[in-house]
Amino acid sequence: MRAARAAAAAKKAEEEEKLRKATCENLIRNAKELKEAGKYKNALSQLAKARDLGVAEALNQIRDLEKEIKSLKEANSPIKRLTDLFGKILEE
């Protein structure tokens, strides 16, 4: 009886882990699509949800993608573009 319960619990834990991994992969995929569309804030939100799932295998990928998106977000900010434009004007 105990062995059957333990086996059932182990199987349930395994299924939950598979579901967490699949969900994490979907969130990362969504974040990449949002990044390509220039929706950086939403992409970072998807990555935060993926990180919260605690899938160890995906943490490096999440971290690298977050860094890339934050860099793109900063480079495309209107204030950064204006500052660069004024810098170019002042140089001339």
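Rules used throughout
- Residues numbered from 1 in each chain as written.
- Predicted model: local features only at pLDDT ≥ 70, side-chain atom pairs only at ≥ 80, totals over all residues.
- Heavy atoms only, no water.
- Helix = DSSP H or I, 4+ residues; strand = E, 2+ residues; numbered from the N terminus.
- Buried < 20%, exposed > 50% of the residue type's maximum accessible area, 1.4 Å probe, protein only.
- Polar contact = N/O pair within 3.5 Å; in protein donor to acceptor, adjacent residues only side chain to side chain.
- Contact = heavy atoms within 4.5 Å.
- Axes fitted to C-alpha atoms, helices over the stretch in contact; angles between N-to-C directions.
- Parallel < 35°, antiparallel > 145°, perpendicular 65-115°, else oblique.
- Left-handed = near helix turned anticlockwise from the far one by under 90°.
- Nonpolar A, V, L, I, M, F, W, Y, C, P; charged D, E, K, R; others polar.
- pLDDT = per-residue confidence, 0-100.

## Re the environment of S77
Along the chain, the position of S77 falls in the loop between α3 (59–75) and α4 (78–91). Taking the C-alpha atoms as reference points, S77 and A6, 71 residues apart in sequence, are found 54 Å from one another.

## A look at the side chain of K35
In this structure, K35 sits in helix α1 (residues 2–36). With relative accessibility at 12%, the residue K35 sits in the buried group. Polar side-chain contacts of K35 include one of 3.3 Å to the side chain of E36. Contact partners of K35, with chain neighbours within four places excluded, come to Y40, A43, L65, E68, I69 and L72.

## Remarks on the packing of helix α2 (residues 40–52) against α3
Their axes nearest at 10 Å, the elements α2 and α3 cross at an angle of 160°. By the angle between their axes, α2 is roughly antiparallel relative to α3. Between α2 and α3 lies a crossing whose hand is left-handed. Contacts from Y40, A43, L44, L47, A48, A50 and R51 in α2 reach L59, I62, R63, L65, E66, I69, K70, L72 and K73 in α3. Residue composition of the contact of α2 with α3, grouped by class: eleven nonpolar, no polar and five charged.

## Here's the deal with the confidence of the model for the protein
Averaged over every residue, the pLDDT of the protein is 89; residues scoring 70 or more account for 97%. When mean pLDDT is taken per element in the protein, α2 scores highest with 95 and α4 scores lowest with 72.

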